[in-house]
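The primary structure of each chain is shown beneath.
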Amino acid sequence: FDLAYSGSGENGMIWALGLVSTLPSATRSDLGGGQWALGPEVLIGKVTEKYVLGAFPNHQWDVAGWGDSSVNLTTCQIFATILPGGGWNFGSSPIMTYNWETEDWTVPLNFTFGKTVVLGDTPWKFSAEINYYVEQPDAFGPEWMVGLNFTPVVENVFARFFK
């Protein structure tokens, strides 16, 4: 999960500064490291009527836990989305990681497309993505990933506290 403070400018620039954390949620010790991780995150980007561009890097270190493994992980999501109109979007938003403990990269090639529609009174974003991993940490790392997303667009109730 993350907690960030963000802002935007009249020129379409967006930014955020915050903290990102990972909780140990594995149901078996051989499926997870048993570590709580915490670190900084930053976002910088630009939004226009025709595109959205930006980068969203973060870094986490282990801060507590019971496992023997250490967490020292950098993650960066680079995003570029074209908005041709009519609710359609397409682009790329790969999430790349570097594990400083094992010196391993995870690097996907990513393509995503979607459409936003209004069902009843609620806008929904339906999208699909495909990733091909050109670099993965080991023989058990992913080679392909296909994702389908169905996202309601809802009001951020916390935003009213910062107006």
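Placed above this text is the structure.
Calculation notes
Each chain has its residues counted from 1, following the order in which its sequence is written. Totals for whole chains, interfaces and linings use every residue, but because this is a predicted model, local features are given only for residues with pLDDT of at least 70 and side-chain atom pairs only at 80 or more, for both listing and counting. Side-chain descriptors were evaluated using all non-hydrogen atoms of the structure, hydrogens and water having been removed beforehand. The numbering of helices and of strands both runs from the N terminus, where a helix is a DSSP run of H or I of at least 4 residues and a strand a run of E of at least 2. Throughout, exposure labels follow a simple rule: accessible area from a 1.4 Å probe, protein chains only, divided by the maximum for the residue type, with under 20% read as buried, over 50% as exposed, and the rest as partly exposed. Throughout, a contact is declared for two residues whenever any of their heavy atoms are within 4.5 Å. We treat two strands as partners when DSSP finds at least two bridges between them. Any residue with an atom within 4 Å of a point lines the site, the site being either a cavity, points on a 1 Å grid over the protein atoms alone where a 1.4 Å probe fits but cannot get out, or a pocket, an open set with protein on both sides within 12 Å along at least 5 of 7 lines. Grid points are joined across faces, edges and corners, and a volume is the space filled by probe spheres set on the points. Residues were grouped as follows: Ala, Val, Leu, Ile, Met, Phe, Trp, Tyr, Cys and Pro as nonpolar; Asp, Glu, Lys and Arg as charged; and all remaining residues, including Gly, as polar. Criterion for a salt bridge: a side-chain nitrogen of Lys or Arg within 4 Å of a carboxyl oxygen of Asp or Glu. Between 30 and 60 degrees the pair is tilted, below 30 it is stacked and above 60 it is edge-to-face, where a pair is any two Phe, Tyr or Trp rings, Trp via its six-membered ring, whose centres lie within 6.5 Å.

(A) Focus on the overall build of the chain. Regarding its fold elements, the chain presents zero helices and ten strands. Sequence-ordered secondary structure for the chain, helices as α and strands as β, is β-β-β-β-β-β-β-β-β-β. Overall, the C-alpha framework of the chain stretches about 50 × 40 × 30 Å when taken along its three principal axes. Counting every position in the chain, which comprises 163 residues, the buried fraction comes to 24%. Excluding contacts between residues fewer than 6 apart, the proportion of contacts in the chain whose partners are at least 24 apart in sequence is 39%.

(B) Spotlight on the pairing of strand 3 (residues 35–47). Bridge count for strand 2 (residues 13–22) against strand 3 is ten bridges, and the pairing is antiparallel. Pairing of V20 across the sheet is with G39, part of strand 3. Bridge analysis of strand 3 against strand 4 (residues 51–65) gives nine bridges, and the strand direction is antiparallel. Within strand 4, the position partnered with G45 by the bridge is G54. The turn joining strand 3 and strand 4, which pair antiparallel and follow one another in sequence, is formed by three residues.

(C) A look at the layout of surface pockets. By volume, the largest pocket amounts to about 630 Å³. The wall of the largest pocket is formed by 23 residues, among which Q77, F79, T81, S93 and K125 lie closest to the centre. At the level of secondary structure, the elements contributing two or more residues to the lining of the largest pocket comprise strand 4, strand 5 (72–85), strand 7 (95–99), strand 8 (104–119), strand 9 (122–135) and strand 10 (144–152). Tallying contributions element by element places strand 9 first for the lining of the largest pocket, with five residues. Partitioned by chemical class, the residues of the lining of the largest pocket number ten nonpolar, eleven polar and two charged.

(D) Spotlight on the pattern of salt bridges. Under the criterion given, the structure shown has one salt bridge. Of the charged contacts, one joins R160 and E155 as a salt bridge, the two residues approaching to 3.1 Å between their closest N and O atoms. With respect to class, R160 is no different from E155; both count as exposed.

(E) Spatial organisation of the side chain of S127. Looking at the secondary structure, you find S127 in strand 9. Ignoring any residue separated from it by four or fewer positions in sequence, one finds S127 in contact with F113, G114, G147, L148 and N149.

(F) Structural view of unusual backbone geometry. In this structure, E103 is a non-glycine residue whose phi angle is positive, near 60°. Structurally, E103 can be placed in the loop between strand 7 and strand 8.

(G) Geometry of the packing of aromatic side chains. Applying the stated rule across the entire model yields seven aromatic pairs. Arranged with centres 4.8 Å apart and planes meeting at 50°, the rings of Y98 and W105 form a pair that is tilted. Its relative accessible area of 15% is what places Y98 among the buried residues. Taking the centre distance of 4.8 Å and the plane angle of 50° together, the rings of Y132 and W144 count as tilted. Highlighted residues: Y132 in strand 9 and W144 in strand 10, separated in sequence by twelve residues. What makes Y132 partly exposed here is its relative accessible area of 31%. W144 sits in the exposed class, given a relative accessible area of 54%.

Fair warning: the whole summary comes from geometry, so function is off the table for now.
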